[in-house]
Amino acid sequence: MSPTIQRVDVQDIRFPTSRELDGSDAMNAAPDYSATYVILHTDADDGIEGHGLTFTIGRGNEVCVAAVQSLASRLEGRTLASITDDMGAFWRDLTSGDSQLRWLGPEKGVIHLACSAMINAVWDLWAKQEGKPVWKLLADMSPAALVACLDFRFVTDALTPEEAIALLEEKQSGKADREAWLREHGYPGYTTSAGWLGYSEEKMRKLCREALTEGWGHFKQKVGGDIDEDCRRAAILRDEIGAERTLMMDANQMWDVDEAVTNMEKLAEFDPHWIEEPTSPDDILGHAEIRRRLAPIGVATGEHCHNRVMFKQLFQAGAIDYCQLDAARLGGLNEVIVVVLLAAKYGIPVCPHGGGVGLCEYTQHISMFDYIAVSGDLEGRLLEYVDHLHEHFVDPVTIRNGRYLVPDAPGYGVTMKSASLAEHRFPEGPAWRDAPPAS
Ligand SMILES: [Mg+2]
């Protein structure tokens, strides 16, 4: 019998990462990595639950929590089967079924973040019910069944459901071989851990050396501060990693279009592989202009790209070389898959945004599914890795030699340990009780 979702529990979970400047960049100077954490409680005898989260960076997480509370009644009382029988209709209903709540977006901002946490919790519940990790649940579906989970509203001018089915059909053969290859080799990653803006030279050098020992070959640096300082830090990183390894740069939206071009022309001597978020995440034509003027340096963006419509336009405008979709900003896995399919059609590699809390745990499923069932390709693809907060998860990511190993635990990977939840509940958990956040 299909479990019934009896109650949507939502918690405000925050980690005091700003105390060490972990995650610091030019736009986000002192983040406290946080999760709006959703648990779907069911009536199942085995106590199965669905866990999902969306990511914020501290203050305002309570707004996201309130948005989940406003949406909860659309999930409570439903059986899992009533959702999975028509996942596409469920997605449309949660994101647009309540027109008053939809007004808060539509399909962007806090209300969409809240939907993401809830939708991902449903996928987690479904995958746990099937006894499979999410990447496997997706990869095993027939093209028609998978496409039935998706909502193509507003993107059919770029990709129809029929085209999506055809794309997936093309990659049906070879799926087992690619899965076996992944199990043997893992999925290639890159590390951002050494490149945070707030770290001293000594700390950067130490982290670089550790990362090299661990087998990383691809590194990312934060830029967008003082340009001379950015160059100085790039020189340190190049000095540590050598000329042959890959260095990416991430400006976290700090520049205007012309400024991005001028600054990257200075940073070009350090041979950057891509510039990430060079300007406003909403500026599709600006990204296209930067890309045109900076080639062959690639342009990457997506962690603040809030829905499939924006990605469609980024692809149509030839604005980016790498698609950095975010598992917790798009409206959950359903919308992520639409973007993965759009990217495949336009030939843009998907390199999901990692880091935060739980994002790497999510994105490993997306990239492995992409490789096995959609693109069938690793060319240009790297999965971001950031070495923070994994210890709080029941099944954290496993990395070996700069590669993600295939996760086998059932679900979508973001189930947190109950002790970690209790410790970091805001504001009453022990992590916050005695040391309130800096303003
Ligand atoms: Mg970034």
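Throughout this description, residue numbers start from 1 for each chain and increase along the sequence as written. Local features in this predicted model are restricted to residues of pLDDT 70 or higher, and side-chain atom pairs are both shown and tallied only at a pLDDT of 80 or more, whereas totals for entire chains, interfaces and linings draw on every residue. Side-chain calculation: all heavy atoms of the structure are included, whereas hydrogens and water are not.

Engineer: Which parts of the structure should I look at to understand the sheet that holds strand β1 (residues 5-14)?
Structural biologist: The strands that make up a sheet are held in pairs by hydrogen bonds between backbone atoms, and each pair lies either parallel or antiparallel. For two strands to be treated as a pair, DSSP must find at least two bridges joining them. Secondary structure elements follow DSSP: runs of H or I no shorter than four residues count as helices, runs of E no shorter than two count as strands, and numbering proceeds from the N terminus. With respect to topology, 3 strands assemble into an open sheet ordered β1-β2-β3, the strand pairing being antiparallel. In this open sheet, the two edge strands, each paired with only one partner strand, are β1 and β3 (49-56). The average angle at which neighbouring strand axes cross in this sheet is 20 degrees, direction not considered. As paired strands, β1 and strand β2 (residues 34-42) are joined by 9 bridges and run antiparallel to one another. For helices, the fitted axis covers only the stretch in contact; all axes are lines through C-alpha atoms, and the angles between them, taken along N-to-C directions, range from 0 to 180 degrees.

Engineer: Just checking my understanding: could you explain helix α5 (residues 109-130) for this structure?
Structural biologist: For an α-helix the count is 3.6 residues per turn, leaving residues at separations of three or four pointing the same way. The end-to-end C-alpha separation of α5 is 32 Å, in line with the 32 Å expected for 22 residues at 1.5 Å each. Partly exposed describes any residue whose relative accessible area lies between the buried limit of under 20% and the exposed limit of over 50%, with all areas from a 1.4 Å probe on protein chains only and scaled to the type maximum. Extensive coverage of α5 is indicated by the burial of 17 of its 22 residues. Note on α5: the residue one or two positions beyond its end, G131, has a positive phi of about 70 degrees. By this rule the span expected of a helix is its residue count minus one, scaled by 1.5 Å.

Engineer: Looking at this structure, how should I read the nonpolar core?
Structural biologist: A general trend in soluble globular proteins is that nonpolar side chains are found buried together. Among the buried residues, those of types Ala, Val, Leu, Ile, Met, Phe, Trp, Tyr and Cys that are joined through side-chain atoms within 4.5 Å form a nonpolar core. Residues W123, L267, I275, L325 and M416 are the most contacted members of the largest nonpolar core, which totals 138 residues. Considering every element that reaches this core, the biggest residue donor is α5, with 12 residues. Residue contacts follow a heavy-atom distance rule, with two residues in contact if any of their heavy atoms lie within 4.5 Å. Discounting residues that sit within four places of it in the chain, I275 has contacts with V223, M249, D250, A251, W255, M264, L294, I297, G298, V299 and A300. Among the nonpolar cores identified, the runner-up in size contains 7 residues, and W274, A300, C351 and L382 belong to it.

Engineer: So what exactly am I meant to see when it comes to the domain arrangement of the protein here?
Structural biologist: Many descriptions give the size of an interface as the accessible area lost when the pieces come together. Along its sequence, the protein is carved into domain 1 (5-132) and domain 2 (169-419). Computed over C-alpha atoms only, the centres of domain 1 and domain 2 are separated by 23 Å. Across the contact, 37 residues belong to domain 1 and 40 residues belong to domain 2. Joining two parts hides part of their accessible area as seen by a 1.4 Å probe, and the buried area is that hidden amount summed over both. Between domain 1 and domain 2, a total of about 3100 Å² is buried, with carbon and sulfur atoms accounting for 62% of that surface. Domain boundaries shown here were taken from an automatic or database domain assignment.

Engineer: How do you make sense of the packing of aromatic side chains when you look at a structure like this?
Structural biologist: Geometry of an aromatic ring pair is reported as the spacing of the ring centres plus the angle between the planes. Think of it this way: a Phe, Tyr or Trp ring, Trp meaning its six-membered ring, pairs with another when their centres are within 6.5 Å, and the plane angle makes it stacked under 30 degrees, edge-to-face over 60, tilted otherwise. Under the defined criterion, the tally for this structure stands at 11 aromatic pairs. Ring centres 5.3 Å apart and planes at 80 degrees place the aromatic pair F426 and W432 in the edge-to-face group. Accessibility assignment for this pair places F426 and W432 in one class, buried. An aromatic cluster is built from Y190, W274 and Y322, whose rings are joined through pairwise contacts. Criterion for a charge above a ring: Arg CZ or Lys NZ at most 6 Å from the ring centre, at most 35 degrees from the ring normal. Stacked on the ring of W432, the Lys or Arg R19 has its end atom at 5.3 Å from the ring centre.

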